[in-house]
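As a plain string of letters, each chain reads:
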Amino acid sequence: MSEAIRLLHAVQRLHLVSSELTGYAPWPDDVQARKIRPTPCSITRSLGSLPLRGSRITAPVIKALRRAAPELEWRQTYSKEDVGARFLDTYGYIELFGPTGHFRSAKLRGYIGYWGPDLTYDWHAHEAEELYFTLAGCAVFSAKGATNVMVRPGEARAHESDQPHLMITLDQPYLAYVLWRGNGLEGLPRMVTP
Ligand SMILES: [Fe+2]
């Protein structure tokens, strides 16, 4: 069994024990493996040793991610002009399942994203509705029309379709399982002025 499949199974177990996750979207029943080419990014090599503190239910996903990291297709989406060089040095994500994921699903998109300490992920938006479920670290979220919230491992933050939002990481790295649902599942986030 590949480490990517072990990671999928670890994420599935987390999804199924969390009423917040299952209440947001059922685990997709159409996931199909596809052949991927491992694609490293700036954080891939160091991911195995980075200090990622999770909770009892998120720790198995962190462990599986550390093992699978070299096999995965890491993406960054943004350019240096969008977010700056320091952001790109300590940021990366994978699409575990979804329209273009390691495992295809047309029903739900599931990412795992990593952001280094003291980063601001500036205002952005996307058509799909979104849930950030914290795996490790803490982050503060701002969203247009909503109160600022700090989330810890096991805690979630939802964004509506096209709702501008911003995230700030604190003194530890931040790792999240991110779900997209609804219209715009195949889209990408865009930087916006709130
Ligand atoms: Fe988002």
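None of these values were measured; they are calculated from a predicted model.

Caption draft 1: Structural context of the overall build of the chain. Helix and strand counts for the chain stand at five helices and twelve strands. For a compact globule of 194 residues, the expected C-alpha radius of gyration is about 16 Å, and the chain comes in at 15 Å, within 12% of that figure. Overall, the chain is about 45 × 35 × 30 Å in size when its C-alpha atoms are taken along their principal axes. For the chain, the distance from the average position of its 22 positive side-chain charges to the average position of its 20 negative side-chain charges is 7 Å.

Caption draft 2: Quick look at the pairing of strand 2 (residues 91-98). Here strand 2 lies mainly inside the structure; eight of its eight residues are buried. Sheet topology places strand 2 next to strand 4 (residues 109-115); six bridges connect them, and they run antiparallel. Its bridge partner being in strand 4, F97 is matched across the sheet by G110. Note that strand 2 and strand 3 (residues 103-104) share two bridges and pair parallel. When the sheet's bridge partners are listed, F97 is paired in strand 3 with F103.

Caption draft 3: Seen up close, the coordination of the iron ion. Surrounding the iron ion are the protein donor atoms H126 (NE2), E130 (OE), E130 (OE) and H165 (NE2), at 2.2 to 2.4 Å. For the iron ion, the four donor atoms in the first shell make angles of 56 to 141° at the metal, so the coordination geometry reads as irregular. Sequence positions of the donors to the iron ion reduce to the motif H-x3-E-x34-H. Separated by 39 residues along the polypeptide, H126 in the loop between strand 5 (120-125) and strand 6 (129-136) and H165 in strand 10 (residues 165-169) bring together distant segments of the chain. By relative accessible area, H126 is classed as buried at 2%. By relative accessible area, H165 is classed as buried at 1%.

Caption draft 4: Region of the structure containing the packing of aromatic side chains. Inspection of the entire model under this criterion finds 16 aromatic pairs. Ring geometry for Y78 against Y91: centres 6.4 Å apart, planes inclined by 40°, an arrangement best described as tilted. In this pair, Y78 sits in the loop between helix 3 (59-68) and helix 4 (80-83) while Y91 sits in strand 2, placing the two residues 13 residues apart along the sequence. A relative accessible area of 7% places Y78 in the buried class. Using a relative accessible area of 2% as the deciding quantity, one classes Y91 as buried. Centroid distance W115 to Y174: 6.2 Å. Interplanar angle 40°. Geometry classified as tilted. Of this pair, W115 sits in strand 4 while Y174 sits in strand 11 (residues 174-181), placing them 59 residues apart in sequence. Taken together, the ring pairs connect Y78, F87, Y91, Y93, Y111, W115, Y121, Y132, F141, Y174 and W180 into an aromatic cluster. Over the aromatic face of Y24 sits the side chain of R181, whose NZ or CZ is 3.9 Å from the ring centroid.

Caption draft 5: How the structure looks around the side chain of R109. Its place among the elements puts R109 in strand 4. Within the structure, R109 has its side chain in polar contact with the side chain of Y111 (distance 3.1 Å). A polar contact is formed between the side chain of R109 and the backbone oxygen of L185, at a distance of 2.6 Å.

Caption draft 6: Expanded view of the sheet that holds strand 4. Taken in spatial order, the seven strands make up an open sheet running 1-3-2-4-11-6-9, and their pairing is mixed. The strands lining the two open edges of the sheet, one partner per strand, are strand 1 (32-33) and strand 9 (156-159). Lying on the sheet, helix 3 is in contact with strand 4, strand 6 and strand 11; it crosses strand 6 at an angle near 85°.

Caption draft 7: Inspection of the environment of G145 at higher detail. For G145, the position within the fold is in the loop between strand 7 (139-143) and strand 8 (149-151). The exposed category is assigned to G145, whose relative accessible area is 86%. The spatial distance from the C-alpha of G145 to the C-alpha of E160 is 11 Å, given a sequence separation of 15 residues.

The rules we used
- Residues numbered from 1 in each chain as written.
- Predicted model: local features only at pLDDT ≥ 70, side-chain atom pairs only at ≥ 80, totals over all residues.
- Heavy atoms only, no water.
- Helix = DSSP H or I, 4+ residues; strand = E, 2+ residues; numbered from the N terminus.
- Rg over C-alpha atoms; globule rule 2.2 N^0.38 Å.
- Lys, Arg positive; Asp, Glu negative; His and termini not counted.
- Charge placed at Lys NZ, Arg CZ, Asp CG, Glu CD.
- Buried < 20%, exposed > 50% of the residue type's maximum accessible area, 1.4 Å probe, protein only.
- Pairing = 2+ DSSP bridges.
- Donors = N, O, S within 2.8 Å, 3.2 Å for Na, K, Ca; no water.
- Tetrahedral: all angles 85-135°; square planar, octahedral: opposite > 155°, others 65-115°.
- Phe/Tyr/Trp six-rings, centres within 6.5 Å; stacked < 30°, edge-to-face > 60°.
- Lys NZ or Arg CZ within 6 Å of the ring centre and 35° of its normal.
- Polar contact = N/O pair within 3.5 Å; in protein donor to acceptor, adjacent residues only side chain to side chain.
- Contact = heavy atoms within 4.5 Å.
- Axes fitted to C-alpha atoms, helices over the stretch in contact; angles between N-to-C directions.

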